[in-house]
Amino acid sequence: MAKKWDVFPSTTLRVGPDFRLDAFDAAATPGFSGDEKDASKIMAKHANALSDLQERLFADGRAGGTTSVLLVLQGMDTSGKGGIVRHVVGMVDPQGVQHRAFGKPTKEELAHHYLWRIRNALPVAGKIGVFDRSHYEDVLIVRVHNLVPGSPWAERYAEINAFEAEVAAAGTRIIKCAMLISPDEQKRRLGERLERPDKYWKFNPGDIDERAYWNEYQAVYQDMFDATSTDVAPWYAVPADNKWFARLVVGSLLFETLTKLNLGWPAADFDVEEQKRRLEDLRL
Ligand code: AMP
Ligand code: MG
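Residues numbered from 1 in each chain as written. Chains lettered and ligands numbered in written order. Predicted model: local features only at pLDDT ≥ 70, side-chain atom pairs only at ≥ 80, totals over all residues. Heavy atoms only, no water.

What to know about the site of ligand 1
For step 1, the next point in the chain: Near ligand 1 the following residues occur: Asp77, Phe102, Gly103, Lys104, Pro105, Arg117, Arg133, Glu137, Asp138, Ile141, Val142 and Leu147.
For step 2, the next point in the chain: Expressed as a share of its isolated accessible area of 500 Å², the protein-covered part of ligand 1 is 70%.
For step 3, the next point in the chain: Under a 2 Å grid-point criterion requiring more than half of the atoms, the pocket assigned to ligand 1 is the largest pocket.
For step 4, the next point in the chain: Taken together, the residues of the shell around ligand 1 break down into 5 nonpolar, 1 polar and 6 charged. (Near = heavy atom within 4 Å. Areas by Shrake-Rupley, 256 points an atom, 1.4 Å probe, with all protein chains shown as cover. 1 Å grid on protein atoms, 1.4 Å probe; cavity = no way out; pocket = protein on both sides within 12 Å on 5 of 7 lines; lining within 4 Å. Sits in = over half its atoms within 2 Å of the grid points. Nonpolar A, V, L, I, M, F, W, Y, C, P; charged D, E, K, R; others polar.)

Structure below.
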């Protein structure tokens, strides 16, 4: 028998008030005593289930339901956000997914409030929205590099919490995953991008500049966790040094969230018997 979760990641990895990033082990596999092979068996099961669950969500949206799901992925360069999108989100019908990556804001985006581009990208009813980076950049890179005047951080945390509460109240289940890697693992992954011609395209010399701010990032991530892990939009601290484990975690969180929606299939808004008769009676 393949090993299963001993304790679900929704319990073990949820960021609570005592969470300490400096004591976090990015190579651990909390709640899971299996190995990569066990994980891939679970993922195969999740793939089938997720596909069915996503279709129920989509059908519910078509039938006038207001429910959607939003998966927020944050993490340092090379933390594996793209791999989550390919390997986890890729398990469901692309028609049901609304994916958006947030890079350096455009001129137009900069002319608006920082939540403007986020609001515009929120998943519509029936969809699974995926944010590769998010509004959290506005309290992370923006804070590390002082890209706005003053120190609006406390104000921004409150604003973000209110925004997420509003989004949740409108029917969106929010799952926030912080993909946490160790500095050694980041060095290894950046090095790999420089060793392999098939990975050069992923390398950005600026990633080394950002790496120099590792400690500053640790501090602003800690503050972000302390201020923005709420009941309606909790953070999950995902140990991401092992890609297979990080993918298992996010796949399982998505599976659990969709299962808890308890969605049936929409009832027919027509008379089934009558339509059967019509189909039978129609002679071509
Ligand atoms: P990548 O995800 O590798 O394509 O890189 C996108 C870059 O855009 C990262 O360095 C982000 O930190 C940066 N970025 C994302 N959002 C913002 C923002 N609001 N302000 C400044 N930089 C940002
Ligand atoms: Mg990058």
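Next comes the rest of the description.
Details of the pattern of salt bridges
For step 1, the next point in the chain: Counted under the stated rule, the structure contains 17 salt bridges.
For step 2, the next point in the chain: Of the charged contacts in the structure, one is a salt bridge between Arg133 and Glu137, with a shortest N-O distance of 3.1 Å.
For step 3, the next point in the chain: In this structure Glu137 comes out as buried when scored by relative accessible area, which is 11%.
For step 4, the next point in the chain: A salt bridge links Lys176 to Glu164, with the nearest nitrogen and oxygen atoms 2.8 Å apart. Remark: Glu164 occurs in helix H7 (residues 153–169) and Lys176 occurs in strand E4 (residues 172–180); sequence separation between them is 12 residues.
For step 5, the next point in the chain: For Lys176, a relative accessible area of 0% puts it in the buried group.
For step 6, the next point in the chain: Among the residues examined, Glu164 registers a relative accessible area of 3% and is labelled buried.
For step 7, the next point in the chain: One continuous salt-bridge network, built from bridges that share partners, spans Glu185, Arg188, Arg189, Glu192 and Lys199. (Salt bridge = Lys/Arg side-chain N within 4 Å of Asp/Glu carboxyl O. Buried < 20%, exposed > 50% of the residue type's maximum accessible area, 1.4 Å probe, protein only. Helix = DSSP H or I, 4+ residues; strand = E, 2+ residues; numbered from the N terminus.)

Structural notes on empty space enclosed by the protein
For step 1, the next point in the chain: Taken as a whole and judged by the stated rule, the model has 1 cavity of 30 Å³ or more.
For step 2, the next point in the chain: It is helix H11 (residues 243–260) that contributes the most residues to the lining of the largest cavity, 3 residues altogether.
For step 3, the next point in the chain: Here the lining of the largest cavity is composed, by residue class, of 4 nonpolar, 2 polar and 2 charged. (Points joined across faces, edges and corners; volume = space filled by probe spheres on them.)

Some details on the layout of surface pockets
For step 1, the next point in the chain: In this structure, the largest pocket encloses a volume near 1,300 Å³.
For step 2, the next point in the chain: Lining the largest pocket are 47 residues, with Asp77, Phe102, Gly103, Arg133 and Glu137 positioned closest to its centre.
For step 3, the next point in the chain: Of all elements in the fold, only helix H3 (81–87), helix H4 (107–110), helix H5 (116–120), helix H6 (141–144), helix H8 (183–195), helix H9 (205–211), helix H10 (214–228) and H11 reach the threshold of two or more residues within the lining of the largest pocket.
For step 4, the next point in the chain: Here the lining of the largest pocket takes 4 residues from H3, the largest share from any one element.
For step 5, the next point in the chain: Of the residues that constitute the lining of the largest pocket, the class distribution is 15 nonpolar, 12 polar and 20 charged.

Here we look at the packing of H7 against H10
Two measures define how a pair of helices packs: the angle their axes make with one another and the distance between the axes.
For step 1, the next point in the chain: Two numbers describe how H7 lies on H10: the axes approach to 10 Å, and their chain directions differ by 50 degrees. Between H7 and H10, the angle falls in the class oblique. In this structure, the crossing between H7 and H10 has a hand that is right-handed. From H7, Tyr157, Asn161 and Glu164 reach across to H10, where they touch Val220, Asp223, Met224, Ala227 and Thr228.
For step 2, the next point in the chain: Partitioned by chemical class, the residues of the contact of H7 with H10 number 4 nonpolar, 2 polar and 2 charged. (Axes fitted to C-alpha atoms, helices over the stretch in contact; angles between N-to-C directions. Parallel < 35°, antiparallel > 145°, perpendicular 65-115°, else oblique. Left-handed = near helix turned anticlockwise from the far one by under 90°. Contact = heavy atoms within 4.5 Å.)

A few points about the packing of aromatic side chains
For step 1, the next point in the chain: Tallied over the entire structure, the rule returns 11 aromatic pairs.
For step 2, the next point in the chain: Ring geometry for Phe225 versus Trp235: centroids 5.7 Å apart, planes at 90 degrees, classification edge-to-face. Linking Phe225 in helix H10 with Trp235 in strand E5 (residues 235–239), this pair joins segments that are 10 residues apart in sequence. In terms of burial, Phe225 and Trp235 fall into one category: buried. (Phe/Tyr/Trp six-rings, centres within 6.5 Å; stacked < 30°, edge-to-face > 60°.)

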